[in-house]
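A closer look at the structure
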Amino acid sequence: MNWRTVRAIATKDLLEVRKNRIAIWSILGLSFFLSIGMPLLIGLLPFGSGPSSGDLGPFEALMHLLPSGLQGLPLGSRMVVLMLGYFLAPLFLIIPLMVAAIVGAESFVGEKERHTLEGLLYTPATDLELYAGKVLAGAVPAVIAAFLNFAIYAVVVDLITAPIVGSVWFPTISALALAVWVGPAVALLGVSASVLVSTRVETFLEANQLTGLLSLVIVALMVGQGSGLLLLSLPVLLFFGLVLYGVDVVLIRLGAAIFSRDRLMARA
Amino acid sequence: MTMAIAADGLIRSFGTVRAVDGVSFEVGEGEVFGLLGPNGAGKTTLIRLLAGVLTPDAGSARVLGLDPTIDGSAVRSRCGVLTETPAVYERLTARQNLSFAADVFGVPVPDVGARVGDLLARFSLQDRADEPVAGFSKGMKQRLALARALIHDPELLFLDEPTAGLDPVASRQVHDLVGTLRDEGRTVVLCTHHLVEAEALCDRVGVLAKGKLIALGTVRELSDRLLAASPVVLSFLGPVADAVAAAVGAVPGVAVTEREERRLLLAAADDGAAADAIGAAVRAGGRVVSAGRREHTLEEVYFALQEVPA
Ligand SMILES: Nc1ncnc2c1ncn2[C@@H]1O[C@H](COP(=O)(O)OP(=O)(O)O)[C@@H](O)[C@H]1O
Ligand SMILES: [Mg+2]
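These lines cover the structure that appears in this document, whether it is placed above or below. These numbers were taken from a predicted model, which means no experiment stands behind them. Think of each chain on its own: its residues are numbered from 1, step by step along the sequence as written. Ligands are numbered from 1 and chains lettered from A, in the order in which they are written. Restriction of local features to residues with pLDDT of at least 70 applies here, the model being predicted, together with a cutoff of 80 or more for giving and counting side-chain atom pairs; totals for whole chains, interfaces and linings are based on all residues. Computation of side-chain values: all heavy atoms of the structure, hydrogens and water removed.

Before going further, it helps to examine the nonpolar core. Soluble globular proteins tend to bury their nonpolar side chains together. We call a set of buried Ala, Val, Leu, Ile, Met, Phe, Trp, Tyr and Cys residues a nonpolar core when their side-chain atoms join them within 4.5 Å. Burial classes: relative accessible area under 20% of the type maximum marks a residue as buried, over 50% as exposed, and values in between as partly exposed (1.4 Å probe, protein chains only). Core analysis: the largest hydrophobic core is formed by 107 residues, its most contacted members being B:Ile5, B:Phe25, B:Leu46, B:Leu50 and B:Phe158. The helix and strand labels rest on DSSP assignments: H or I over at least four residues marks a helix, E over at least two residues marks a strand, and numbering proceeds from the N terminus. Among the elements that make up this core, the one with the highest residue count is helix α7 (residues 173–198) of chain A (12 residues). The criterion used for residue contact is that any of the two residues' heavy atoms lie within 4.5 Å. With residues near it in sequence (within four places) discarded, B:Ile5 still touches B:Phe25, B:Glu26, B:Val27, B:Leu50, B:Arg62, B:Leu156, B:Phe158 and B:Val189. Formed by 50 residues, the second largest nonpolar core is a distinct cluster that contains B:Val174, B:Val178, B:Leu201 and B:Leu305.

Have a look at this one:
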């Protein structure tokens, strides 16, 4: 594999994405909402007042996740900590997923939509190099965006909760595992989804809508956590990430098999 | 002569359509070869097969000594292609477009800057090199696409209808470029349905119709094979008198095929008969200002070919 070719294709795709307003604003809007807007909103709810003990209802199951140091906090504070540190944390995976899917849609479908694909097929790049360049173009910014957003989210959460909790407690080890271990796996999922979707659709917007459905998976994950069905403790997260990487390998290989010059050209 | 291209029985279908149907031909190194044919004849598909972008259903090809189905990457690294609808990256600048191509075509890293600069200058794009291509005119985009096709100094060029939709000045520039490419010793395959263009530029042409190569040769060979001897045209100073026309028509081996106000078109059996006809016209009082054979145009050859059952 010629890495110069792969890198050139990925870089070129990212240059193009930068000029796609819909893509950029979706990514920025999503990032702002999830890592700044949402924690601010929840942190500013008047949880600090309220009784010091009581039943947390459906959130009771999540209580086990709180480090022992935080178990003694008043109910309202525990609620904020729980929401920001645990319940909403999986939502954060929407960022790598969506960035990968948006960039992937742009790079796989956009090139078809703008009729530049044929020129690319006439280059010496092998099918695998073309594919790798495009997977990289989706995955790298998704992982970077995920890490950046996670850092911002952590700062915002600590700013809001440190006064209530009395210490800087976030990120917890499982939140860190979520970002560092599960995040990239989800990014790859977004990329491979957009590759598969690109074989079915003709425009960037269609592709974007279809891959958007994937975020439902994440919402399901969150609901699972909220109802106590799926506790995202460290071992669960590590295992979950491993399964995702397995799925990624399968999907990426499937995409590579589909991504052949002859197929792309015969359809073009 | 070494062959740049040797195609042998290439076949490629899409669904039930046989886009290329058993095409065999050769193109010598340094030759400018024209691929002629109406829309849908299979010209573009043939280029795709030769560049290893499509795989043939049957048949084989050698391009620059390599099999494109096996060594497609190597073949493409030595070929430049101007596609039929040349799409450059509109959101990128001209320079970014060329640098990207240079990277993907493996231009040595230290040479990229100079090579890109040279091509921008050669195609008169240097003044707007750092502007997004979206704002360029069609002609400028075409020049950029041509520059891109040349970025890696290819031995073989495929130009797919390079002047379609261009104004006469831009077309002339493309024609001049083909001449330059020939002088530089490159092999050029030129797809066109522009007959005058093919006639002016190509050493040999192949005519495709419904995926089949129905004729192959120089324009002269094709016209000799397909059409009767070219007409002799006699032009007169004034209107052609009946007596003159009659005298010419009476020469053995000569028939007047068309009579215009000041011209006679003759079918002459041979050059001797043509010379006799000119003499007869003068003796009958005709004031001949010019006389000569008119060569068949490729256009006439082309239409004659469409009438030959495939
Ligand atoms: N990717 C494709 N899918 C289906 N049919 C195609 C495809 N490419 C070409 N064809 C068909 O093959 C025939 C030849 O097309 P093409 O090679 O583009 O001809 P030309 O370049 O001479 O106009 C046409 O009938 C065209 O519709
Ligand atoms: Mg064509």
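Past the structure itself, the notes keep going.
Attention now goes to the environment of B:Gln126. Residues and elements named next belong to chain B. With respect to the helices and strands, Gln126 occurs in the loop between α4 (112–122) and α5 (138–149). According to the relative accessible area criterion, Gln126 is partly exposed, its value standing at 43%. Excluding anything up to four places from it in sequence, Gln126 contacts Leu120 and Ala121.

Moving on: the sheet that holds strand β13 (residues 288–293) of chain B. Residue and element names in this part refer to chain B. Here a strand pair is declared whenever DSSP counts at least two bridges between the two strands. In space, the four strands of this open sheet follow the order β11-β12-β10-β13, with antiparallel pairing throughout. Of all the strands in the sheet, just β11 (254–259) and β13 have a single pairing partner and so form its edges. Adjacent strand axes in the sheet meet at a mean angle of 25 degrees, parallel and antiparallel pairs treated alike. Looking at chain direction, strand β10 (residues 232–236) and strand β12 (residues 263–268) are connected through four bridges and run antiparallel. Within β12, the residue paired with Val232 across the bridge is Leu266. The axes used here are C-alpha line fits, helices contributing only the stretch in contact, and every angle between their N-to-C directions lies in the interval 0 to 180 degrees.

Before going further, it helps to examine the sheet that holds strand β2 (residues 17–28) of chain B. Residue and element names in this part refer to chain B. One open sheet holds the three strands; their spatial order is β2-β1-β4, and the pairing between them is antiparallel. A single partner strand is all that each edge strand has here, and the edge strands are β2 and β4 (58–63). Averaged over all adjacent pairs, the angle separating strand axes in this sheet is 15 degrees, with direction ignored. Strand direction decides the pairing type here: strand β1 (residues 3–14) and β2, joined by nine bridges, are antiparallel.

On to the interface of chain A and chain B. At the interface, 27 residues of chain A touch 30 residues of chain B. When two parts are put together, the accessible area they lose, computed with a 1.4 Å probe and summed over both, is reported as buried area. Both faces combined, the contact of chain A with chain B buries some 2600 Å², and carbon together with sulfur accounts for 60% of it. Of all residues in chain A, A:Arg4, A:Tyr122 and A:Pro124 bury the most surface against chain B, accounting for 31% of the area lost on that side. By definition, a salt bridge exists where a carboxyl oxygen of Asp or Glu is found within 4 Å of a side-chain nitrogen of Lys or Arg. For the pair chain A and chain B, the interface holds four salt bridges. B:Arg91 is the partner of A:Glu106 in a salt bridge, and the nearest nitrogen-oxygen pair spans 2.8 Å. Here a polar contact means two N or O atoms within 3.5 Å. Within protein one must be a hydrogen donor candidate and the other an acceptor candidate, and residues neighboring in sequence count only if both atoms are side-chain atoms. Here chain A and chain B share 11 residue pairs in polar contact (both at pLDDT 80 or more) between them.

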